Amino acid sequence: MTQLDAKPLVSIVIPYYQHKEYIHNCVETIIDQTYEKIELIIIDDCSPDGSGKYVAQLCQNEKWRKRFSDKIRFIHFEINQGAHAAINHGIMQAQGEIISIVNSDDIYHPDRIKIMVEAMQEEQKQFAFSRVSYIDDKNRDVSQINAWALAYAGIQASTKDFPTLGFACLRFNPAISTGNFVFYKSLYEQTIGFRSFRYCHDWDFILQCLFYTEPLFVQEKLYYYRLHETNTFKSLQKLGVDDGPDVLKQYFDSVRCQKTINPLAPSPFNWPGYFEFFLSRCGLQEVYQKSVYVNT
């Protein structure tokens, strides 16, 4: 069996936190995936509204269990630990060779897993994400009318302006959301995992992976990101929370004194001269110079 013929088990991890009005829709789009070999793991991060019990009941649904051949698990945290901890726990429980994350208020295109797995196998990439569509509470596409959606779309469009996708990753998370990540579990095991950044644990993780592999940007719109006032991303921005400098310091410390496994990763070893020029042009020299490894 060749690599392209092989169909690995994909473990889909849903970190859940009081999204009772969206979780059924989210899982239904996973049930409708055209890719067959799927495991589903839902982690309730001690939702204060008690809606974890509702999700646990849904997981007993005969339709759901039949679709996943009983490869469906619900895990309840007794103490709230944060999205990063829920994701890490779900991945540790996963039996799949490939991990796909989805936010509990977002949804998948029906061909998402099929297209992502085939693209990763064909391009021999360990980490991938797709282009994103933006929806409202009623699943209506607001990609062309919502200010946040237009801003996020601009971020993804601007990746073409960088010499590599890795350099784009130094400026922002081009995947937009943790829920758009698809990666091999073996890659995850080389990293520290998702760390306890309130605002940027997704950006931190993609930068950790960048040390080992160049990301793959699948151009189809396969992930539907729901925009509403309770989005963690939007809420934390309003509070002025910004882990960005600390995230960049962690990455810079990892590349400043050693070569990366990924030969394209932005570093002084892989890009002598240009790396320093890029930092200067983007105003990142001070962050680079102050980077000191802190094991979090």
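About the thresholds
Residues numbered from 1 in each chain as written. Predicted model: local features only at pLDDT ≥ 70, side-chain atom pairs only at ≥ 80, totals over all residues. Heavy atoms only, no water. Helix = DSSP H or I, 4+ residues; strand = E, 2+ residues; numbered from the N terminus. Rg over C-alpha atoms; globule rule 2.2 N^0.38 Å. Buried < 20%, exposed > 50% of the residue type's maximum accessible area, 1.4 Å probe, protein only. Contact = heavy atoms within 4.5 Å. Areas by Shrake-Rupley, 256 points an atom, 1.4 Å probe, with all protein chains shown as cover. Core = buried A, V, L, I, M, F, W, Y, C linked by side-chain atoms within 4.5 Å. Expected span 1.5 Å × (residues − 1).

**Q** Is there a simple way to explain the overall build of the protein chain in this structure?
**A** If you tally the helices and strands in the protein chain, you get 13 helices and eight strands. Relative to the compact-globule value of 19 Å for 296 residues, the protein chain shows a C-alpha radius of gyration of 19 Å, a close match. Dimensions along the principal axes, computed over C-alpha positions, put the protein chain at roughly 60 × 50 × 40 Å. Every one of the 296 residues in the protein chain was classed for burial, and the buried ones make up 55%. Within the protein chain, counting contacts between residues at least 6 apart in sequence, those at least 24 apart form 78% of the total. By element, 51% of the accessible surface of the protein chain is carried by carbon and sulfur atoms, the whole surface being about 13400 Å².

**Q** Where do I start with the nonpolar core in this structure?
**A** The tendency in soluble globular proteins is for nonpolar side chains to be buried as a group. Of all hydrophobic cores here, the largest spans 50 residues; its most connected members are Phe 127, Leu 170, Phe 183, Phe 194, Leu 207 and Phe 252. Here this core takes six residues from helix α9 (residues 201-210), the largest share from any one element. By size, the runner-up hydrophobic cluster in this structure holds 42 residues, among which are Cys 26, Ile 42, Cys 59 and Val 117.

**Q** Whenever I open this one, helix α5 (residues 112-123) confuses me. Can you help?
**A** In an α-helix, one turn spans 3.6 residues; hence positions three or four apart end up facing the same way. Taking 1.5 Å per residue, 12 residues should reach 16 Å; α5 reaches 16 Å between its end C-alpha atoms and fits that length. Buried within α5 are the following residues: Arg 112, Ile 113, Met 116, Val 117, Ala 119, Met 120 and Gln 121. Contacts from the buried residues of α5 go to β1 (10-16), β4 (98-101), β5 (107-108), β6 (127-135), β7 (182-184) and β8 (216-226). A positive phi of about 55 degrees marks Gln 124, the residue just after α5.

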